[in-house]
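# Remarks on the overall topology
Each chain, written out:
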Amino acid sequence: MRVVIQKDYEKMCAWTAQYIADAINARGGEKFVLGLPTGSTPLGVYRELIRLNKEGKVSFRNVVTFNMDEYVGLPRDHEQSYWYFMWSNFFNHIDIKKENVNILNGMATDLQAECDGYEKRIAQAGGIDLFMGGIGVDGHIAFNEPFSSLTSRTRVKTLTEDTRIVNSRFFDHDVSKVPTTALTVGVGTVTASKEVIILINGHAKARALAAVVEGGVSQSWTCSALQMHPKAIIACDDAACDELKVGTYRYFLDIEREARI
């Protein structure tokens, strides 16, 4: 696992956006399959990618995207649906083709069929080249709450009360308005990707970062499955490192310093 520590949130996002742009550009215009998250954490990365796109430094015309998750029961035009989030904050501002965007349908009549079909579409696209994601304060990735199977695939998932309380900030701070279930890619879906970048910022997620980097692989912290991935990157800011051992912190700073020489 590679841990890239940046001074603050803005630098973390700039580094990640440039990494993604470089990966897309390295394909020379060939198809690139990108996994994407929602939430407040990736917004800075999306702003940077939009800037790079408008400056002609990266194009998304040959990029195919698959989003991590979607609430069950929210129509696309609901302000808190992830379909609405992605088009408002990212897709409407870049040169991506609409037919290349894949987002789970939380209004599907047969939710499990929707999930199974999503996995098939990922396979038909050739698999995901790079999956960017974030984690919750309890270390969950996508909506794979603690004790989710580390080999899980896209499915319907019940949300914990903690997750709903955290997300209630997007629903007028009213937990009763937050959906109780969601469609989500599985931990196994994410780790099957050729490369994974997880964003972790702020002191509130310091315990999760320490568990993911220094702890063992555990269903308690589903993001810890990345320890088994051949090409996983944690992009974080200084504040998120507050619970790391001093030696661990210095080690990853030294490794990245050597990598840039």
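See the structure shown above.
A brief structural summary. (Residues numbered from 1 in each chain as written. Predicted model: local features only at pLDDT ≥ 70, side-chain atom pairs only at ≥ 80, totals over all residues. Heavy atoms only, no water.)

The contact between helix H2 (residues 43-54) and helix H3 (residues 82-89) brings their axes to 10 Å, and the two run at 40 degrees. Relative to H3, the element H2 is oriented oblique. Taken together, the residues of H3 that come into contact with H2 (itself represented by Leu 43, Tyr 46 and Ile 50) are Phe 85, Met 86 and Asn 89. Tallied by class, the residues present in the contact of H2 with H3 amount to five nonpolar, one polar and no charged. (Axes fitted to C-alpha atoms, helices over the stretch in contact; angles between N-to-C directions. Helix = DSSP H or I, 4+ residues; strand = E, 2+ residues; numbered from the N terminus. Parallel < 35°, antiparallel > 145°, perpendicular 65-115°, else oblique. Contact = heavy atoms within 4.5 Å. Nonpolar A, V, L, I, M, F, W, Y, C, P; charged D, E, K, R; others polar.)

As a rule of thumb, nonpolar side chains are buried together in soluble globular proteins. In this structure, Phe 66, Ile 198, Ile 200, Leu 209, Ile 234 and Cys 236 are the most contacted members of the largest nonpolar core, which totals 41 residues. Looking at this core, the elements with two or more residues in it are strand S1 (2-6), strand S3 (63-67), helix H4 (111-124), helix H6 (187-191), strand S9 (196-200), helix H7 (206-214) and strand S10 (232-237). Top element by residues in this core is H7. It accounts for six residues. Residues in contact with Ile 234, not counting those within four places in the same chain, are Met 1, Arg 2, Val 3, Val 4, Ile 198, Ile 200, Leu 209, Val 212 and Leu 226. Counting 36 residues, the second-largest nonpolar core is a separate cluster that includes Val 4, Ala 17, Leu 49 and Phe 91. (Core = buried A, V, L, I, M, F, W, Y, C linked by side-chain atoms within 4.5 Å. Buried < 20%, exposed > 50% of the residue type's maximum accessible area, 1.4 Å probe, protein only.)

Bringing the layout of surface pockets into the picture now. Taken as a whole, the largest pocket holds about 750 Å³ of empty space. Forming the boundary of the largest pocket are 36 residues, of which Thr 38, Gly 39, Ser 40, Asn 167 and Arg 169 lie nearest the centre. For the lining of the largest pocket, the secondary-structure elements that each account for two or more residues are strand S4 (69-71), H3 and helix H5 (161-167). (1 Å grid on protein atoms, 1.4 Å probe; cavity = no way out; pocket = protein on both sides within 12 Å on 5 of 7 lines; lining within 4 Å. Points joined across faces, edges and corners; volume = space filled by probe spheres on them.)

The next point concerns unusual backbone geometry. Notably, Phe 147 is not glycine yet its phi reads approximately 80 degrees, a positive angle. Along the chain, the position of Phe 147 falls in the loop between strand S6 (130-134) and strand S7 (155-158). Residues other than glycine seldom take positive phi values, yet His 173 does so here, at roughly 60 degrees. Mapped onto the secondary structure, His 173 falls in the loop between H5 and strand S8 (181-184).

This paragraph deals with the sheet that holds S8. The antiparallel open sheet is built from three strands, whose spatial order is S4-S8-S7. Lying at the two open borders of the sheet, with one neighbouring strand each, are S4 and S7. Across this sheet, the average inter-strand angle for adjacent strands is 30 degrees, counted without regard to direction. The pairing of S7 with S8 spans four bridges and is classified as antiparallel. (Pairing = 2+ DSSP bridges.)

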